[in-house]
Amino acid sequence: MRPRTFTTTANATLKSKKWDALIIGGGHNGLTAAAYLARGGLSVAVLERRHVIGGAAVTEELVPGFKFSRCSYLQSLLRPSVIKELELPKHGLKLLKRNPSSFTPCIDGRYLLLGPDKTLNHSEISKFSLKDADAYPRYENQLENFCKFMDLVLDSPPPESLQHKSSLNEQLKNKLQNSVFWASCLRQVSSLGQKEMVEFMDLLLAPASKVLNNWFETDVLKATLATDAVIGSTASVHTPGSGYVLLHHVMGETDGDRGIWSCVEGGMGSISMAISNAAMEAGAHIVTNSEVSQLLIEDSSTVSGVILADATKVHSSIVLSNATPYRTFMELVPNDTLPDDFVRAIKHSDYSSATTKINVAVDKLPQFECCKLNHPHAGPQHFGSIHIGSESMEEIHSASQDAVNGVPSRRPVIEMTIPSTLDKTISPPGMHVINLFVQYTPYKPLDGDWQDHEYRESFAQKCFKLIDEYAPGFSTSVIGYDMLTPPDLEREIGLTGGNIFHGAMGLDSLFLMRPVKGWSNYKTPLKGLYLCGSGAHPGGGVMGAPGRNAAHLVLQDLKKG
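Note that the structure is a prediction, hence the values are computed from the model and not measured. Numbering of residues starts from 1 in every chain and runs along the sequence as written. With pLDDT at 70 or above as the cut-off, local features in this predicted model cover only qualifying residues; side-chain atom pairs require 80 or more to be listed or tallied, and sums for whole chains, interfaces and linings still use all residues. As a convention, hydrogens and water are excluded, and side-chain values are obtained from all of the structure's heavy atoms.

Concerning the overall build of the protein chain
1) Next: Helix and strand counts for the protein chain come out as 19 helices and 22 strands.
2) Next: In this setup the radius of gyration rests on C-alpha atoms only. A globule is expected at 2.2 Å times the number of residues raised to 0.38. Radius of gyration (C-alpha) of the protein chain: 23 Å, near the 24 Å computed for a compact globule of 561 residues.
3) Next: Each principal axis of the C-alpha distribution contributes one length, and for the protein chain these read about 70 × 55 × 50 Å.
4) Next: Buried means the residue's accessible area, taken with a 1.4 Å probe over protein chains only, is under 20% of the maximum for its type, while exposed means over 50%, and partly exposed covers the values in between. In the protein chain, which comprises 561 residues, the proportion classed as buried is 59%.
5) Next: Contact criterion: two residues are considered in contact whenever any of their non-hydrogen atoms come within 4.5 Å of each other. Intrachain contacts of the protein chain at a sequence separation of at least 6 include 72% that bridge at least 24 residues.
6) Next: Within the structure as shown, the protein chain displays about 22400 Å² of accessible surface, and the carbon and sulfur contribution to it stands at 52%.
7) Next: Across the protein chain, 52 positive and 58 negative side-chain charges occur, with their mean positions spaced 6 Å apart. Secondary structure elements follow DSSP: runs of H or I of four or more residues count as helices, runs of E of two or more count as strands, with numbering from the N terminus. To measure how exposed things are, a 1.4 Å probe is used in the Shrake-Rupley method; for residues, cover is taken only from the protein chains shown. Residues counted as positive are Lys and Arg, residues counted as negative are Asp and Glu, and His and the chain ends are not counted. All charge positions are set by atom: Lys at NZ, Arg at CZ, Asp at CG, Glu at CD.

Written out as C-alpha cells, the structure reads:
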C-alpha cells in the first residue's frame, strides 16, 4: 500500500479550528493514540517536530541506497491487539521472522546458534553442556508462563486511585474497576501456583546473573541470554531487578509465536507508516516539521492547546503527549503550574542511558571465522541477533563498569543485526544494512566529548575492530555509517538523556510507579493533559500499548462528560 503524504507545515486548517484532541509527537505511540481517537469519532491532529514520522521507530536513507532503522531495529513487542484492531497488515505491515534468532561467535572457534527450532537449540547447547541443553526448554516454558501473566497488565491501565475531586458515583465505579483488575490478577496468581509465583518474584527482583546461574552452567549461553536483561539500560547483569528486563524482551510475539522477534519489511518506519495510514484513514491529520514549544494553560490547571515553535497557537481541550515525561512536564508546561512534589518526582526520575546505535552500510556480509564458511550468501549465522563481545556475563559486567567509571566500554557489548538478509528492499543488491546496538557509552564521558569528531570516530573504529576479531575484514567492508550516542538520541529523536525507554525500566519505575507514583493511568495534574508515550505504563519498546491505553482512557473520560 502506498504511504499517504503528510502536511509539512502548520497550515490554515490546523490553526482555524478547535481540535477535539492534539497529540505532541508522531512516534508510534502517538500515532497509535491518534488512530484510536479518530476511530472514536474525534478530530485529531498529530504534531511532529521532525521531517519524518515515527520517533524512534523510523526508517531513514542515511547512505544513498541504504535504508536504516535508525533507532529501534526489531519487532516483537507490538501488541497483538494493536495489530488486529488497526488492521496493520492491510495498511502495509509485513513481518519477517528470523530463524535462527541468535548467533554468538566465540574467539576459540566455537559458536552458539539459538532460535524457535527446539531440535536446533538442543543440538547447539549440547556442544557446551548436555545438562544445559535439557534445562533450556524448561527455562523457556517458565518464561512463557510468566509472560501470559503479564498480558493482562500490558493491555490495561494500572488500577490507579482517583486523582481529582469526584462524585460518589465515580468513586464507586473506580473502586469496582480496580477490584476487577486485582481479582483478575489473583486468578492468574492462583493458576500459576505458589511455587511458580515464588519463581516469578525471584525473576522480578533478582539480578539476571543469579537467575541464569541457577539455570545454567555454560558461560556463552548465560551471556547470550543476559544481553536481553541489560539491553538499553545502564545496568550490569549483577544489578538487582535486571531479570525483569529479560522478561520484557521475551514477552512479545510475531504472528502468535511467543518470544519471536522479527524484522519489518522496509525497516521499523514501516510500523509507524502502517499505524499512520490507519490513523489517516480514520480522519486523523498528521503534521511534520511542527515543533510544540509550550502548552497553553487556562486557570492554572486546564489545558487549552499548544504553542508551536513559530508562535502558532493550536487549540484543543485535550492534549496527549508522546514526548518523554521530562520534556512534557519540565520543558513544555509553563513554570509554577504543576504541584511541587510532582515536579520533584519527574525531575529526579532516572533518564540515564549508556546506549549508542551505529547504522552501517557494507559492501559484503561479515564472514565469521568460527563458521568456516567463506561464501557471499547469507547463512544461519546472519539471520538473527549476533552477539559480539558477550562470551561471558563477566565480560558484560566489565563493560558496564567502564561506563560507571565514566568512560565508554573498552570492549563494548554489541548486538549486531543484518536485516537486509531477510528484507531485500533496504539495500542495493549484494550490499547490506547492519545495525549495531552498542553498550556501554556514558552520556558525558570523562575522557572526551561526543561532539568531537575524532573522539566519535575513534569509538566507532573500536567497535568495528572488535567485530574484526570475530569476522576478519569487517572494517574494510564499511561504506559509510551513522552513529547516535546518548546526546544524539536526545537531540535528534527527543529521548531525554538518550534513554530509549523514555525513562529507566527499574522496578521503582514500572506499573503504578510509572512515570511517578499516583499518576500511572496516563492522566496528569493538568486537566485535559495525558501521557501516551513510553514514559507511561507499560513502558518502552515498540509496543503501542501506552498509546492504545491512553486513547481508550480519553474516550472513556469524554463519555463521562
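Some thoughts on the sheet that holds strand β3 (residues 44-47)
1) Next: When DSSP finds two or more bridges between two strands, those strands count as paired. Across the sheet, which stays open at both edges, the 5 strands sit in the order β12-β3-β2-β16-β22 with parallel pairing between neighbours. Because the sheet does not close on itself, it has two edges, and the strands there are β12 (285-287) and β22 (529-531). Geometrically, the sheet is characterised by an average inter-axis angle of 20° between neighbouring strands, direction not taken into account.
2) Next: Pairing between strand β2 (residues 21-24) and β3: 4 bridges, direction parallel. Counterpart to Ala21 in the pairing with β3 is Val44.
3) Next: Geometry is summarised by axes, namely lines fitted to C-alpha atoms with helices restricted to the contacting stretch, and by angles between N-to-C directions that run from 0 to 180 degrees. Across the sheet, helix α12 (residues 325-332) touches β2, β16 (319-321) and β22, and the angle it forms with β22 is around 150°.

A word on the confidence of the model for the protein chain
1) Next: Chain-level statistics for the protein chain give a pLDDT mean of 93 and a share of 97% at 70 or above.
2) Next: Confidence drops under pLDDT 50 across residues 1-5; counting only partners more than four residues distant or on other chains, this segment forms 9 contacts. By definition, pLDDT measures how confident the predictor is in each residue, and it falls between 0 and 100.

Here we look at the packing of helix α4 (residues 118-126) against helix α5 (residues 130-154)
1) Next: α5 packs onto α4 with a crossing angle of 145° between their chain directions and a minimal axis gap of 7 Å. Remark: the crossing between α4 and α5 carries right-handed chirality. Facing α4, whose interface residues are Lys118, Asn121, His122, Ile125 and Ser126, α5 presents Leu130, Asp132, Ala133, Asp134, Tyr136 and Glu140.
2) Next: The nonpolar class holds Ala, Val, Leu, Ile, Met, Phe, Trp, Tyr, Cys and Pro. Asp, Glu, Lys and Arg form the charged class, and all remaining residues, Gly among them, are polar. A class-by-class count of the residues in the contact of α4 with α5 yields 4 nonpolar, 3 polar and 4 charged. What makes a crossing left-handed is the near helix being turned counterclockwise from the far one by less than a right angle; a clockwise turn instead makes it right-handed.

Structural notes on the packing of aromatic side chains
1) Next: Centres within 6.5 Å are what make two rings of Phe, Tyr or Trp a pair, Trp counting through its six-membered ring; a difference in plane orientation under 30 degrees is then read as stacked, over 60 as edge-to-face, and the rest as tilted. For the structure shown, the criterion picks out 19 aromatic pairs.
2) Next: For the ring pair Phe464 and Phe474, a centre distance of 5.8 Å and an interplane angle of 65° mean the geometry is edge-to-face. Placement of Phe464 in helix α16 (residues 453-470) and of Phe474 in helix α17 (residues 474-477) is noted, with a sequence separation of 10 residues between them.
3) Next: On the accessibility criterion, Phe464 (1% relative accessible area) is buried.
4) Next: Relative accessible area serves as the criterion here: at 2%, Phe474 is assigned to the buried category.
5) Next: Here the aromatic cluster, defined as three or more aromatic residues joined through ring pairs, consists of Tyr136, Tyr139, Trp215 and Phe216.
6) Next: In this scheme, the term charge over a ring applies when either NZ of a lysine or CZ of an arginine sits within 6 Å of the ring centre and within 35 degrees of the ring normal. The ring of Trp19 carries Lys17 above its face, with NZ or CZ at 4.3 Å from the centroid.

Some details on the environment of Pro158
1) Next: Note on placement: Pro158 falls in the loop between α5 and α6 (168-192).
2) Next: Taking the C-alpha atoms as reference, Pro158 lies 10.0 Å from Leu510; in sequence the two are 352 residues apart.
3) Next: For Pro158, the residues in contact, after removing those within four places along its chain, are Phe511, Leu512, Ser520, Asn521, Tyr522 and His537.

Details of the layout of surface pockets
1) Next: Roughly 1200 Å³ of volume is contained in the second largest pocket.
2) Next: Using a grid of 1 Å spacing that covers the protein atoms alone, one calls a set of points a cavity when a 1.4 Å probe fits there but cannot get out, and a pocket when the set is open and has protein on both sides within 12 Å along at least five of seven lines; lining residues are those with an atom within 4 Å of a point. Considering the residues around the second largest pocket, the lining is formed by 44 residues, among which Lys523, Leu553, Gln556, Asp557 and Lys560 are closest to the centre.
3) Next: Listing elements by their share of the lining of the second largest pocket, those giving two or more residues are α6, β14 (302-308), β22 and α19 (545-560).
4) Next: For the lining of the second largest pocket, a count of residues per class yields 15 nonpolar, 18 polar and 11 charged. Grid points are joined across faces, edges and corners, and a volume is the space filled by probe spheres set on the points.

Things to note about the sheet that holds strand β20 (residues 432-439)
1) Next: On the basis of which strands lie adjacent, the open sheet formed by 7 strands has the order β8-β7-β18-β19-β20-β17-β21 and mixed pairing. Each of the sheet's edge strands pairs with one partner strand only, and the pair in question is β8 (111-114) and β21 (478-484). Across the sheet, the axes of successive neighbouring strands diverge by a mean angle of 20°, strand direction being ignored.
2) Next: With 8 bridges connecting them, strand β17 (residues 355-362) and β20 associate as antiparallel partners.

Here we look at the nonpolar core
1) Next: Definition used in this section: a nonpolar core is a set of buried Ala, Val, Leu, Ile, Met, Phe, Trp, Tyr and Cys residues joined via side-chain atoms within 4.5 Å. Counting residues in each nonpolar core, the largest one holds 69 residues, and the members touching the most others are Ile23, Leu37, Leu88, Leu93, Val306 and Leu320.
2) Next: At 7 residues, helix α2 (residues 28-39) tops the list of elements feeding residues into this core.
3) Next: Ranked by size, the runner-up nonpolar core spans 58 residues in total, among them Ile125, Phe216, Tyr440 and Ala545.

Quick look at the side chain of Ser262
1) Next: Structurally, Ser262 is set in strand β11 (residues 262-264).
2) Next: Throughout this description, a polar contact denotes any pair of N or O atoms lying within 3.5 Å of each other; where both atoms belong to protein, one of them has to be capable of donating a hydrogen while the other can accept it, and for residues adjacent in sequence the pair is counted only when both atoms sit in side chains. Among the polar contacts made by the side chain of Ser262, one reaches the side chain of Thr254 at a distance of 3.3 Å.
3) Next: With residues up to four places along the chain from it excluded, the contact list for Ser262 reads Leu74, Gln75, Leu95, Leu96, Lys97, Arg98 and Thr254.

Regarding helix α15 (residues 393-404)
In an α-helix, one turn spans 3.6 residues, which is why side chains three or four residues apart end up on the same side.
1) Next: What a helix should span is 1.5 Å times the count of its residues minus one. Taking 1.5 Å per residue, 12 residues should reach 16 Å; α15 reaches 17 Å between its end C-alpha atoms and fits that length.
2) Next: Looking at α15, one finds that the buried residues are Met393, Ile396, Ala399, Ser400, Asp402 and Ala403.
3) Next: Those residues of α15 that are buried are in contact with α8 (208-215), α9 (219-230) and β19 (413-417).
4) Next: Gly406 occupies a position one or two residues after α15 and carries a positive phi of about 95°.

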